[in-house]
Protein chains: 2
Amino acid sequence: MATALQKTIRALRAENSEFFQIALSVDCVILGFEDNELKVLLIKSDLEEYEGQWSLLGDLVRVDEDLDEASYRVLVDRTGLENVYLEQVYTFGQLNRHPAGRVVTTAYFSLVNIRDHELQLSNNELHWHSVKDIQSLAFDHLQILNKCLAQLREKIYEHPVVFNLLPEKFSLRELQSLFESIMGQKVDRRNFRKKIFLMKWLEDVNELEQDVPHRPGKLYRFKEEEQH
Amino acid sequence: MATALQKTIRALRAENSEFFQIALSVDCVILGFEDNELKVLLIKSDLEEYEGQWSLLGDLVRVDEDLDEASYRVLVDRTGLENVYLEQVYTFGQLNRHPAGRVVTTAYFSLVNIRDHELQLSNNELHWHSVKDIQSLAFDHLQILNKCLAQLREKIYEHPVVFNLLPEKFSLRELQSLFESIMGQKVDRRNFRKKIFLMKWLEDVNELEQDVPHRPGKLYRFKEEEQH
DNA sequence: GCAAAAGTGTTTTGCGTACACCCATGC
DNA sequence: GCATGGGTGTACGCAAAACACTTTTGC
């Protein structure tokens with residue numbers, strides 16, 4: 001930037017040194033879908049306060065790093081996955097949310113296909129947890145998880161985001177089961193199919209399920225939206 | 001906190017000193033409604049880069065201050081109003097959004113009744129601007145304003161937030177005009193009335209408009225919701 | 001042939017939308 | 001009496017919701 005600044009970053013920092021004692025982090029609610037259950041990727045907390053408890057994947061934001069980039073970095077580092085869906089949800093800034101000091105965190109949720117990165121998780125403290133079984137988490141992470149789920153619920157019938165959780169080809173039963181585990185309630189099969197087909201999100205791949213102990217269903221893939 | 005910390009704030013800061021060079025601010029999109037127009041409270045920018053341009057009201061977050069408290073403080077300090085509606089919208093963390101250095105900002109929107117604090121604005125650089133006339137703002141504040149408006153639009157037919165913008169008693173025409181200026185489009189009067197009455201948000205105060213050059217309309221007040 | 005899930009249609013109901021006329025008041 | 005906005009009702013279309021039977025496959 002060529003022009004002189006009335007207030008340079010240096011001056012700002014001198015005037016307001018205390019303000020720079022706030023650390024900024026990102027926390028990722030990484031969701032997957034497996035065995036007809038919505039799952040979230042958690043890590044064992046490394047803080048004594050939260051020993052034995054699970055927490056979301058997060059990290060401090062670097063000074064030369066965009067906020068979105070920071071969450072993407074956390075995701076890539078921990079899962080090895082690239083090109084994943086990521087969306088900012090909310091920023092949590094309560095005073096004592098982190099026992100080690102003032103840390104404000106911005107929560108993102110991410111939707112990944114579990115099968116794609118199964119191998120990456122073998123040798124560390126990361127595990128998939130069924131969302132419906134989670135009773136508590138370290139820090140305020142349960143609150144963060146719930147906020148992310150609420151935002152996801154508001155969105156799934158409007159925007160085709162959930163396809164990020166599924167393999168390329170999937171049956172309508174899988175899709176319905178996914179919706180049900182996100183919404184937390186059963187839906188009528190016929191009405192669900194009508195609604196989904198109305199959205200024009202799906203493309204018939206002319207294949208059938210394999211190795212199911214019943215009549216196989218047709219497989220579909222997500223149709224990339226043509227409008228812009 | 002009685003227990004020892006595996007990582008104290010001091011250790012964290014030593015390990016990660018560069019991370020503490022990120023400043024955190026809040027920016028408030030303070031909205032009001034006057035002369036049938038949605039307005040936003042803006043202040044002349046004090047940065048040379050943005051000389052002559054208008055910006056949202058914001059401030060750095062203090063280390064001992066909750067994020068929500070910070071936005072509330074900005075609001076009270078600038079408008080003198082208390083008990084106002086305030087809602088977090090989004091956090092903007094692009095690298096070069098602030099010319100003075102790395103400042104991540106969390107945006108809040110606030111809905112106030114302009115009449116209530118008219119007197120507080122007389123002697124400073126604050127002015128109400130008609131939202132529909134705003135072409136540009138300092139920093140990324142136009143983007144922030146638009147994000148807040150989008151969130152408000154999504155919400156107004158679901159939650160009775162807009163009543164914060166109106167005086168205690170108002171006519172249905174005022175209410176409709178408010179909805180129209182937020183949504184940016186006209187609506188049918190009969191359908192609007194039906195929809196609003198269905199919400200059961202309103203209470204008839206058995207009074208009529210005064211000093212209108214036409215048939216006076218009935219006045220209503222917002223009914224506090226009984227269900228928690 | 002039995003179990004298990006796939007696939008399919010109709011009816012009802014509520015909501016959004018489009019649309020026109022008479023009424024009350026100020027001037 | 002005229003201008004201005006207040007107040008009201010009906011008809012249509014679509015989408016959501018409720019609901020049951022036949023078909024296909026594996027075993």
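Calculation rules
- Residues numbered from 1 in each chain as written.
- Chains lettered and ligands numbered in written order.
- Predicted model: local features only at pLDDT ≥ 70, side-chain atom pairs only at ≥ 80, totals over all residues.
- Heavy atoms only, no water.
- Helix = DSSP H or I, 4+ residues; strand = E, 2+ residues; numbered from the N terminus.
- Buried < 20%, exposed > 50% of the residue type's maximum accessible area, 1.4 Å probe, protein only.
- Polar contact = N/O pair within 3.5 Å; in protein donor to acceptor, adjacent residues only side chain to side chain.
- 1 Å grid on protein atoms, 1.4 Å probe; cavity = no way out; pocket = protein on both sides within 12 Å on 5 of 7 lines; lining within 4 Å.
- Points joined across faces, edges and corners; volume = space filled by probe spheres on them.
- Nonpolar A, V, L, I, M, F, W, Y, C, P; charged D, E, K, R; others polar.
- Pairing = 2+ DSSP bridges.
- Salt bridge = Lys/Arg side-chain N within 4 Å of Asp/Glu carboxyl O.
- Near = heavy atom within 4 Å.
- Core = buried A, V, L, I, M, F, W, Y, C linked by side-chain atoms within 4.5 Å.
- Contact = heavy atoms within 4.5 Å.

## Overview of the environment of Thr106 of chain A
Residues and elements named next belong to chain A.
Point 1. Along the chain, Thr106 falls in strand β6 (residues 103-111).
Point 2. Of the residues examined, Thr106 reaches a relative accessible area of 0% and is grouped as buried.
Point 3. Note: C-alpha distance between Thr106 and Val61 (45 residues apart in sequence) is 9.7 Å.
Point 4. Separated by 3.1 Å, the side chains of Thr106 and Thr91 make a polar contact.

## Let's talk about the layout of surface pockets
Point 1. Volume-wise, the largest pocket comes out at about 980 Å³.
Point 2. What lines the largest pocket is a set of 27 residues, and nearest its centre among them are Gln151 and Glu154 of chain A together with Val89, Gln151 and Glu154 of chain B.
Point 3. Those elements that provide at least two residues to the lining of the largest pocket are β5 (85-92) and α3 (141-155) of chain A together with α2 (67-79), β5 (85-92) and α3 (141-155) of chain B.
Point 4. At 6 residues, the largest contribution of residues to the lining of the largest pocket is made by β5 of chain B.
Point 5. When grouped by side-chain class, the residues that make up the lining of the largest pocket number 9 nonpolar, 7 polar and 11 charged.

## Here we look at the sheet that holds strand β8 (residues 170-171) of chain B
Note on sheets: strands pair through backbone hydrogen bonds, and any given pair is parallel or antiparallel.
Residue and element names in this part refer to chain B.
Point 1. Read from one edge of the open sheet, 3 strands run β8-β10-β9, paired in antiparallel fashion. One side of each edge strand has no neighbouring strand; the edge strands of this open sheet are β8 and β9 (202-208).
Point 2. Pairing of β9 with strand β10 (residues 218-222), which is carried by 4 bridges, proceeds in the antiparallel orientation. Of the residues in β10, the one forming a bridge with Leu208 is Lys218.

## A look at the pattern of salt bridges
Point 1. Under the criterion given, the structure shown has 32 salt bridges over all chains.
Point 2. One salt bridge in this structure joins Glu34 of chain B and Arg115 of chain B, with 3.6 Å as the shortest N-O distance. Of this pair, Glu34 of chain B sits in strand β1 (residues 23-34) while Arg115 of chain B sits in the loop between β6 (103-111) and β7 (126-130), and the two are 81 residues apart along the sequence.
Point 3. For the salt bridge of Lys155 of chain B with Glu87 of chain B, the shortest nitrogen-to-oxygen distance reads 2.8 Å. Of this pair, Lys155 of chain B sits in helix α3 while Glu87 of chain B sits in strand β5, and the two are 68 residues apart along the sequence.
Point 4. Among the ionic contacts, a cluster of salt bridges with common partners joins Asp27, Arg97 and Asp140 of chain A.

## Topic: the protein's contact with DNA strand C
Point 1. In the neighbourhood of DNA strand C, 20 residues make up the surrounding shell, with Arg173, Arg189, Arg193 and Lys194 of chain A together with Arg190 of chain B lying closest.
Point 2. For DNA strand C, the fraction of protein-proximal atoms (within 4 Å) that sit in sugar or phosphate groups is 42%.
Point 3. One nitrogen or oxygen atom from the side chain of Arg189 of chain A is found 2.6 Å from a base oxygen belonging to DNA strand C.
Point 4. When residues of the surface near DNA strand C are traced back to their parent elements, those giving at least two are α5 (189-199) of chain A together with α5 (189-199) of chain B.
Point 5. Of the residues in the surface near DNA strand C, the class split is 4 nonpolar, 4 polar and 12 charged.

## So, the nonpolar core
Point 1. Membership of the largest hydrophobic core comes to 42 residues, with the highest contact counts inside it found for Leu24 and Ile30 of chain A together with Leu24 and Ile30 of chain B.
Point 2. Not counting residues within four places of it along the chain, the set of residues in contact with Leu24 of chain A comprises Leu60, Val61, Leu67, Val104 and Thr106 of chain A together with Ile22, Leu24 and Val104 of chain B.
Point 3. Counting residues in each nonpolar core, the second largest holds 41 residues, with Val40, Leu149, Val162 and Leu202 of chain A among its members.

Coordinates in, geometry out; function isn't part of it.
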